[in-house]
Every structure is written in structure tokens, then in C-alpha cells.
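Structural overview for review
As a plain string of letters, each chain reads:
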Amino acid sequence: MVQRVAVIGAGVGGLVSVKCCLDEGLEPTCFESSEDIGGIWRYTDSTDDSRVSVYHSVITNTSKEMSCFSDFPYPEDFPSYLPHSLVLEYFRMYARHFDLLRHICFQTTVLSVRKRPDFTTSGQWEVVTETNGVYESHVFDAVMVCTGHYQEPYSPLASFPGIESHFKGQHLHSWEYRDVQAFRGKRVLVVGIGNTGGDLSVELSRVAAKVFLSTRSNTWVISRVSDHGFPCDMVGTTRFNHFLEWLLPSALTRRIRFRRFNSWFNHTNYGLASSKSSKFKMIINEELPFCLLSGTVVLKPNVKEFTENSAVFEDGTTEENIDVVLFATGYNFSFPFLEESVRSVIDDNRSLYKCIFPPQLEKPTLAIIGLIQLTGSIMVGSEMQARWVTGIFAGWNKLPTPSRMMADVLKRKPPAKRNPSERENLKMSFIGYTDEIAACAGVKPSVLRLLLTDPQLALAIFFGPCSPYQFRLVGRGKWSGARAAILTQWQRTLKPLRTRVVDDNSDSSSGWHWMCLLTLPAALTAGFLFSK
């Protein structure tokens, strides 16, 4: 019987894992190598400690109602999209409210996690830690690894001939970026057009002499602000839209989605994407189209090679006098503390059963939390993983046999290993994956059952945002405030905007969910903005 659980990391995944352990009557001990909670959301000016953190100007891409912990809403006066300081403040509120800090050992590095000699019968692990030069060995019944997937900067320098041998300017990874001051007056080339590449290009354009943004991908640019000024994910991430994605032919849904994207601006005219392409990515950025339109950011194709002071692109064009190359090319993940027999079989999250459990283990007492990238908030997905995992550790939920888990992994695993910068192996549908884990944990809501017992709530769940509170309506961990949180989420979204009230005969806040029901054709056109 599992009792003592080691939790590695005190970021989002670590905090929810500690809390879920406590909910299930387990005894968690969380090891955090730094001096505070928050993970990447705890911003620091320095990169000396090699810890990955967000850059100073970052704003969340998912809204507060869609990315909160399922039984702990953000304060209603917090804005819908948050700077890192408010995200970290929210984490502190969560940790205090559920009394999590006393279970965390700060400035403690996990050096190794190895099976005990009797693992096949006990499932126990030996965990070696180091704190201020003092080494300790611990025995735990289970381990939850919560170090995430933003661990090691991925700089594909070998793919860019001349960057190390010929280029005389500076090159760095976005992990080293903190603010714009070091780039003032310089000609900057940003490589990579993910959310980070788009954000940094826009920010640098305000002080740099010129910014070039190089990409090899078809990219659709989405605004955080959607219809009627509501957050994009609240409007688009609904069970209704998810149902349409399942029901309609993929070619039709893709055409509808592209038409919606191009209704803001024609992506082909801007060189960003073509509706004919079957492979594409989406980024969230309101300012990038204007920067391209005003010429402060210039879009370029993939770099072919670098010379002493210039970049030569695959279309044959050259940009001279490049001072800085900034690689926004993502991150790799690694688990150097895991023993080799375990570490070697984790190629990506699809090597894991449900992206969590290594299926080869004789006992399912090791779980990887947060090694996912969803089309919505990773906070919600990590919490759902932790709820299911701790239910298994506590004996409430059961896993299939190792052979059945392995068969499921092999069925889902792609045939070839992909480029880490593309992160394809990590991307999954937010509703699809969260529902899958919720069903395993016995906490997925039934819209049909609710339609018979609580029609108002059923309609809000199906046509409204698929917010985290939905997964606290039934099953273990049911929260008495979930129904009210769902029915008042639009009001909380508007609350921070009520700093100046104007007279209006219409009541946009209370009438919005009814408007959703009256405009289903518009919802279809809107598509599933955060779909796979």
C-alpha cells in the first residue's frame, strides 16, 4: 500500500501533486532545487543558475477561467490574461490555502531515483538528495516527477551552417532573454515562430533597428480577444465545438477554421500561411500582424547559412549586418536522476501510458506529471493527471496490466522520432485528453445526465467554456462550489473591466450564455480555435 510519495519539483505539477496526495490521505514530500515555488513562472533577472524561467514581459496565452486549479478560482479582480507576477501570486495563494509549503523541501536537489532491490514486490524507490552539501537517502512507496518539459534549451546550431564557424555577431537562445535593453539599436534575427518567437519579435521591434523573423512553418496567428471582446479560449474551447470536430469531416472543419483565421487578416498576403497546407501551427499574438504591416518586423523563410555578418535564406535573399541571432527553438526534456533502465525508455510522452506511466515497470509507482502540451492550459491537464495518479496510489483507481499498457503505448506511438523543436509528440487536444484522464479517474461530467437533473448547468457545460470546474461536479474530490463557479464564470471575466461603467440597455454579462445558444452557426464558423 502506497503511503509515502516523493514529488520532484514545486512548479505547477508539483503543487497540484502535493495537494492531491493530501486529498487522498498520502504523505507527500516535495523536493525543490531552488528556494521558492513557481517553476518557470518565477521570473528572475539572472540566468546564472541555469534555471529556466519566463521572460519579463510574458502574458499568459490562456485565460484565468480556463487555466485555474479546478477547486480554486483566480480572484475575480485579476485580469483575464495575466503577467507572470500575478500567476506566481496565485500559486502562493493556492499553496497557503491548502497548506502545501510545509511539505516542500527547498534548495534540495534530487540526484538519483532508483528501484529498491525488492521493487518487483514492494514497488519502492530509493531517492538520494543533496541540500547544502549534505546527502541523504530516502525510501518512498511512489514517485511523482513534476519537472515539466521546459528543462534544457534546444539550440539546433548544426542545422545552420556558419553560425559557429563564420558568424561574428552574437547568438543566444530565448532562455537567456530577459528584456529588450541589450538589443537596443541592433539588427536582430529571431529564428522560430512559436509563441515565444512571435512575442520577442514584437517586443524587440520597439527598440531594435530592425527585426527579422525566420520561419519554416505555416503559422496561423490568433488574437486573445475574440467575439464581443471575450477571451478567445472561453469562446472557442467548448464541448459543442469539440463535438463538431468529431462529427464533421476533417477537410470541412479545416476549411471553416482557416476561413475564420483569415477573417482577421489574410495570412497568405503576410507570408504566414496558406489554406492549402495540411501542416501548420497556431500562435497567440495580437501585435505581430501590425508589426508586419508597419515593417518593424520582416518575415523571412528558413535560414540556409550564415556568413560573417549576414544571413542567407532558402529563397536566395540575404540580410546584411545582423548583430544578434535569437533562437526561439524550444526545449528538450530529460530526467537525469532516473536510473538508466527507466530513463532510456522515455523517448517522449507517447512512450508513457496515458502520457504518465512507464508501462514496463513491474509496479506502477512512478508517474511523470506535466510532460504534455495541450491546446489549452497545461495547469488543468497536470492537475487532472495528479488526481488520477494519486487515486491509483491510494487504491481507488486501477491500471491495466503492463502488457495491456504496453500495447496501448505501441498503438499510439508515432513511427519516427521527430525534431524536438516541433514538439509534435507533446501536442494533444485539451478537451480530448483531459476528458480521457477524467474518465479514468471517474470525474468526467455526463452532459446527458445533467440535462435531466440540471438543464441550466448541462447547457452551460456543453455550449459554454470547458472550464476546469466541470471536473469537480462528480466523483472523488467533488467540490460544492463547482456549479456556481461555472454559472458565474462570465461575470468573473468582466469584473476587472468594470473600472469605468457606461450606461447600456443590454446586459452583456448575464445574456452572453443565451447569446451562445442563439448563434450556433457563428460558433460553427468560429471553429475550435484551440483544436488539434
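Since we're looking at a predicted model, the values are computed, not measured. (Residues numbered from 1 in each chain as written. Predicted model: local features only at pLDDT ≥ 70, side-chain atom pairs only at ≥ 80, totals over all residues. Heavy atoms only, no water.)

Observations concerning the overall build of the protein chain
For the protein chain, the helix and strand inventory stands at 19 helices and 22 strands. The C-alpha radius of gyration of the protein chain comes to 24 Å, within 12% of the 24 Å expected for a compact globule of 532 residues. Based on the C-alpha atoms only, the size of the protein chain along its principal axes is roughly 65 × 65 × 45 Å. In the protein chain, buried positions account for 54% of the 532 residues. Restricting to contacts in the protein chain with at least 6 residues of sequence separation, those with at least 24 account for 68%. (Helix = DSSP H or I, 4+ residues; strand = E, 2+ residues; numbered from the N terminus. Rg over C-alpha atoms; globule rule 2.2 N^0.38 Å. Buried < 20%, exposed > 50% of the residue type's maximum accessible area, 1.4 Å probe, protein only. Contact = heavy atoms within 4.5 Å.)

As for a nonpolar patch on the surface
Taken together, the side chains of Phe243, Trp246 and Leu247 present a nonpolar region at the surface, about 370 Å² in accessible area. Along the chain, Trp246 turns up in helix α7 (residues 239-247). Judged by its relative accessible area of 66%, Trp246 falls in the exposed class. (Patch = residues over 30% accessible without salt bridge, like charges linked within 9 Å, V, L, I, M, F, W, Y side chains within 5 Å. Areas by Shrake-Rupley, 256 points an atom, 1.4 Å probe, with all protein chains shown as cover. Salt bridge = Lys/Arg side-chain N within 4 Å of Asp/Glu carboxyl O.)

Section: the environment of Ser112
Take Ser112: it is sitting in strand β4 (residues 109-115). For Ser112, a relative accessible area of 13% gives the class buried. Each C-alpha atom of the pair Ser112 and Val128 lies 5.2 Å from the other, and the pair is 16 residues apart in sequence. When near neighbours in sequence (up to four residues on either side) are disregarded, Ser112 contacts Glu126, Val127, Val128 and Phe337.

What to know about the sheet that holds strand β9 (residues 170-173)
Across a sheet, paired strands are connected by hydrogen bonds in the backbone, their directions being either parallel or antiparallel. Here we have five strands laid out as an open sheet, ordered β9-β18-β10-β11-β14, and parallel in their pairing. The sheet is open, and its two edges are formed by β9 and β14 (297-300), each paired on a single side. Here the average twist between neighbouring strands, direction ignored, is 20°. Sheet topology note: the β9/strand β18 (residues 324-327) ladder contains four bridges and is parallel. When the bridges of β18 are listed, Gln170 appears paired with Val324. (Pairing = 2+ DSSP bridges. Axes fitted to C-alpha atoms, helices over the stretch in contact; angles between N-to-C directions.)

Re the pairing of strand β7 (residues 142-145)
Residues Ala142 and Met144 of β7 are buried on one face, and the alternating residues Val143 and Val145, pointing to the opposite face, are buried as well. Sheet analysis places strand β1 (residues 4-8) next to β7, joined by four bridges and oriented parallel. Its bridge partner lying in β7, Ile8 is registered against Val145. Taken together, the three bridges between β7 and strand β20 (residues 366-368) define a ladder with parallel strand orientation.

Considerations on the environment of Arg239
Structurally, Arg239 can be placed in helix α7. Linking Arg239 and His173, residues 66 residues apart in sequence, is a C-alpha distance of 38 Å. Arg239 has contacts with Ile431, Asp435, Pro445, Val447, Ile461, Phe462, Gly464, Cys466, Gln470 and Phe471, leaving out every residue within four places of it along the chain. In this structure the side chain of Arg239 is engaged in a polar contact, spanning 2.6 Å, whose partner is the side chain of Asp435. Of the polar contacts made by the side chain of Arg239, one reaches the side chain of Gln470; its length is 2.8 Å. (Polar contact = N/O pair within 3.5 Å; in protein donor to acceptor, adjacent residues only side chain to side chain.)

Quick notes on the packing of aromatic side chains
Tallied over the full model, the rule gives 35 aromatic pairs. Between Phe72 and Tyr90, the aromatic rings sit 5.7 Å apart at their centres with planes inclined by 35°, giving tilted as the arrangement. Within this pair, whereas Phe72 is found in the loop between α2 (64-67) and α3 (84-97), its partner Tyr90 is found in helix α3, the two being separated by 18 residues in sequence. The class for Phe72 is buried, based on a relative accessible area of 12%. For Tyr90, a relative accessible area of 0% translates into the label buried. With a centroid separation of 6.5 Å and 50° between ring planes, the pair formed by Tyr353 and Trp388 is classed as tilted. Here Tyr353 is found in the loop between α10 (340-343) and β20, whereas its partner Trp388 is found in helix α11 (residues 378-393), with 35 residues between them in sequence. The buried category is assigned to Tyr353, whose relative accessible area is 9%. Aromatic rings pair up to connect Phe69, Phe72, Tyr74, Phe78, Tyr90, Phe91, Tyr94 and Phe98 into one cluster. Across from the ring centre of Trp396, 4.0 Å away, lies the NZ or CZ of Arg476, which sits over that ring. (Phe/Tyr/Trp six-rings, centres within 6.5 Å; stacked < 30°, edge-to-face > 60°. Lys NZ or Arg CZ within 6 Å of the ring centre and 35° of its normal.)

A short note on the domain arrangement of the protein chain
You can read the domains of the protein chain as domain 1 (4-151 + 333-433) and domain 2 (152-331). Taking only C-alpha atoms into account, the centre of domain 1 sits 29 Å from that of domain 2. Between domain 1 and domain 2, the residue contacts involve 36 residues of the former and 26 residues of the latter. Summing the contributions of domain 1 and of domain 2, the shared interface buries around 2600 Å²; its carbon and sulfur component is 54%. Considering only the side of domain 1, the residues that lose the most area to domain 2 are Tyr55, Asn61 and Ile431, jointly responsible for 26% of the buried surface there. Between domain 1 and domain 2 we count zero salt bridges in total. Counting across the domain 1 and domain 2 interface gives twelve residue pairs in polar contact (both at pLDDT 80 or more). (Domains from an automatic or database assignment. Buried area = accessible area lost by both parts, 1.4 Å probe.)

Quick word on the pattern of salt bridges
Side chains that carry opposite charge are capable of pairing whenever their charged atoms lie near each other. Taken as a whole, this structure holds 22 salt bridges when the rule is applied. Among the salt bridges present, the one from Glu362 reaches Lys115, with a minimum N-O distance of 3.7 Å. With Glu362 in the loop between α10 and β20 and Lys115 in strand β4, this pair connects stretches of sequence that are 247 residues apart. Look at Glu362 and you get partly exposed, because its relative accessible area is 41%. In this structure, Asp408 engages Arg412 in a salt bridge whose closest nitrogen and oxygen atoms are separated by 3.1 Å.

Focus: the nonpolar core
Residues Phe91, Met144, Phe357 and Phe393 are the most contacted members of the largest nonpolar core, which totals 102 residues. For this core, the leading source of residues is α11, giving eight residues. Among the domains, domain 1 (4-151 + 333-433) and domain 2 (152-331) are the pair contributing at least three residues each to this core. Every residue in contact with Phe91, bar those within four places of it in the chain, is listed here: Val12, Leu15, Ile37, Gly38, Trp41, Phe69 and Met379. In terms of nonpolar packing, the next biggest core, distinct from the first, is built from 22 residues, Val110, Trp125, Leu352 and Ile368 among them. (Core = buried A, V, L, I, M, F, W, Y, C linked by side-chain atoms within 4.5 Å.)

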